[in-house]
Amino acid sequence: LKEMAPKLEKEMKKAKEEMEKAKTEMKAMKTLVDGLDSDGLLIKKEGYKLEHKNGVLLINGKKASEGVYKKYQAVLDKYPTFTLSKTDDDFDMNLD
């Protein structure tokens, strides 16, 4: 058991770091979704799909305007490729 302690400690530290990273990512995506909802570009209580890649943001399949892109550029620059989708019973976040 003594030999396992350092390995377990290392694994716990790694898990904590992964959880913090996930928490940061979720917070950034929530900020984006909340902003797009308040801008009237999606309704977060309903289903939606956001896709971002190659400098293009698609909101439910429609390309966001340059003004919208610039408004959320701080988040979009941090996550250059992602898909975020919500249905009535599912939420999926894929940050590539």
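Parameters and conventions
Residues numbered from 1 in each chain as written. Predicted model: local features only at pLDDT ≥ 70, side-chain atom pairs only at ≥ 80, totals over all residues. Heavy atoms only, no water. Helix = DSSP H or I, 4+ residues; strand = E, 2+ residues; numbered from the N terminus. Buried < 20%, exposed > 50% of the residue type's maximum accessible area, 1.4 Å probe, protein only. Contact = heavy atoms within 4.5 Å. Lys, Arg positive; Asp, Glu negative; His and termini not counted. Charge placed at Lys NZ, Arg CZ, Asp CG, Glu CD. Pairing = 2+ DSSP bridges. Axes fitted to C-alpha atoms, helices over the stretch in contact; angles between N-to-C directions. pLDDT = per-residue confidence, 0-100. Salt bridge = Lys/Arg side-chain N within 4 Å of Asp/Glu carboxyl O.

Novice: Quick question: what am I supposed to make of the overall build of the chain here?
Specialist: A count of helices and strands for the chain gives three helices and five strands. In sequence order, the chain lays out its α and β elements as α-β-β-β-α-α-β-β. Seen along its three principal axes, the alpha-carbon backbone of the chain occupies a region of about 60 × 30 × 20 Å. Residue burial in the chain is summarised as follows: out of 96 residues, 24% are buried. Intrachain contacts of the chain at a sequence separation of at least 6 include 51% that bridge at least 24 residues. Charged side chains of the chain number 20 positive and 19 negative; the gap between the two group centres comes to 4 Å.

Novice: Mind showing me how you'd approach the sheet that holds strand β4 (residues 82-87) here?
Specialist: Sheet architecture is open: five strands sit in the order β3-β2-β1-β4-β5, paired in antiparallel fashion. Both outer strands of the open sheet, β3 (62-63) and β5 (90-95), are each paired with one neighbouring strand and no more. In this fold helix α1 (residues 4-38) packs onto β1 (48-53), β2 (56-59), β4 and β5, with an angle of close to 115° to the strand it touches most, β5.

Novice: Can you help me understand the confidence of the model for the chain in this one?
Specialist: In the predicted model, the chain carries a mean pLDDT of 93, and the fraction of residues at 70 or more is 100%. The secondary-structure element of the chain with the lowest mean pLDDT is β5, recorded at 88, while β2 shows the highest, at 97.

Novice: Explain the pattern of salt bridges to me, please; I cannot follow it from the model alone.
Specialist: Applying the stated criterion to the full structure yields four salt bridges. Notably, a salt bridge pairs Asp-39 with Lys-71, separated by 2.9 Å at the nearest N-O pair. Pair noted here: Asp-39 is in the loop between α1 and β1 and Lys-71 is in helix α2 (residues 66-71), with a separation of 32 residues, a long-range link. The class for Asp-39 is partly exposed, based on a relative accessible area of 32%. By relative accessible area, Lys-71 is classed as exposed at 53%. Salt bridges linked by common partners bring Lys-30, Asp-34 and Lys-44 together as one network.

Novice: Teacher, can you tell me more about the pairing of β4 here?
Specialist: The side chains of a regular strand alternate between both faces of the sheet. Going residue by residue along β4, you find Phe-82, Leu-84 and Lys-86 tucked away on one face and Thr-83, Ser-85 and Thr-87 left uncovered on the opposite face. The sheet contact formed by β1 and β4 spans five bridges and is antiparallel. Within the sheet, the bridge partner assigned to His-52 lies in β4 and is Phe-82. Here six bridges tie β4 to β5, and the two strands are oriented antiparallel to one another.

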